[in-house]
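# Remarks on the overall topology
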Amino acid sequence: MNIPTVGVIMAGGSGERFWPLSRQTMPKQLLRISDEQKSLLEEAVNRLLPLLPPERIVIATNNLLQDPIRFAKIPVPPENVLAEPVRRNTCGCLAFAAAHLLARFGKSSDDLLMAVTTADHSIRDDEAFRRTVKSALAFAQENDALMVIGIQPTRPETGYGYIETAEDRQPEAVHEGVPVYKALRFHEKPSLEKAEAYIAQKRFYWNSGMFFWRMSTYLNSMEKADPRITRSIHEMRDTLLTGYNPDSIIASIFERLPNISIDYALMEKADNVYVVEGGFQWDDLGAWDSLARFRSQDERGN
């Protein structure tokens, strides 16, 4: 990668989905769920470390989790653990991270590449994951593209969103054997009947919620989708640069952001979205029942 790249790991949450193990200050991201030796957040960081140095990996979380994450000795600098003032979903999370990166990188931030991943996924082949990430970043570097990793469905899942690609299945590019396709449209969590039809057509992908883009592409695309959000990003950046009591000012700006996902706010509105095919085993660890797909059970079915 010829231009600076930063990994942003989304690691917020309220600690409800894996109760009674998880709590507000011990969410699933800090639990050893898919690996007995490492927490989900450690796994997420380790997957990026061969591609990026620790100082180029940012963890976006909330006020309750900032200190627990720092105390967990995750291998990133403490100042790279960013705490959002209030909950504003993934759109707010990425706006907050973008403001910090714009302030940190200054004039060079327009060409900055962002690799947005999450801390609550099960990924079973790290090397295949990194090949996918490199393909996404290579395409994003050369094109005005908002990239998303698409996962080939292995079952008619009704709990995931889907991304539709063209019928002819001709890739826009192939990098290290990983194809990139133009996204036609997003589909929200479908009925079982629709999910079965999507799988039969073989041109629908699960939406992994992992994104890749140049900072300038993200800002220009967001400006078209919702100028209020880009205005807030620049206001937060300017506040960070002044250095005068920024926390309370940023909080007031951040609270005005819509509580909405990045899919609704940007990806579903944009016409420059591309899918990079994730050739690795993947699962969203949403709750206890997701573990049954890859963890063994005891004699009682636990």
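All values reported here derive from a predicted model rather than from experimental measurement. (Residues numbered from 1 in each chain as written. Predicted model: local features only at pLDDT ≥ 70, side-chain atom pairs only at ≥ 80, totals over all residues. Heavy atoms only, no water.)

This paragraph deals with helix 4 (residues 126-142). Between the first and last C-alpha of helix 4 there are 25 Å, a value that for 17 residues agrees with the 24 Å anticipated at 1.5 Å per step. All of the buried residues in helix 4 are A128, F129, R130, T132, V133, S135, A136, L137, F139, A140 and Q141. The N-terminus of helix 4 is capped by D125, whose side-chain oxygen sits 3.3 Å from the backbone nitrogen of E127. (Helix = DSSP H or I, 4+ residues; strand = E, 2+ residues; numbered from the N terminus. Expected span 1.5 Å × (residues − 1). Buried < 20%, exposed > 50% of the residue type's maximum accessible area, 1.4 Å probe, protein only. Polar contact = N/O pair within 3.5 Å; in protein donor to acceptor, adjacent residues only side chain to side chain.)

Most of the time, phi is negative for any residue but glycine, and the peptide bond is trans. Residue R169 is not a glycine yet carries a positive backbone phi of 55°. With respect to the element layout, R169 can be found in the loop between strand 7 (162-165) and strand 8 (173-175). Backbone geometry places E176, a non-glycine residue, at a positive phi of 50°. With relative accessibility at 44%, the residue E176 sits in the partly exposed group.

Moving on: helix 3 (residues 89-105). With 17 residues, helix 3 ought to run about 24 Å at 1.5 Å a step, and its terminal C-alpha atoms sit 24 Å apart, in line with that. Of all 17 residues in helix 3, 14 are buried, a share of seventy percent or more. Directly beyond the C-terminal end of helix 3, a positive phi value near 60° is found at G106.

Turning our eyes to something else, we now look at the pairing of strand 11 (residues 273-278). Counting buried positions over the six residues of strand 11 gives six, a clear majority of the element. Of the two faces of strand 11, the one lined by V273, V275 and E277 and the one lined by Y274, V276 and G278 are each fully buried. As paired strands, strand 9 (residues 178-187) and strand 11 are joined by three bridges and run antiparallel to one another. What sits directly across from V180, in strand 11, is V276. (Pairing = 2+ DSSP bridges.)

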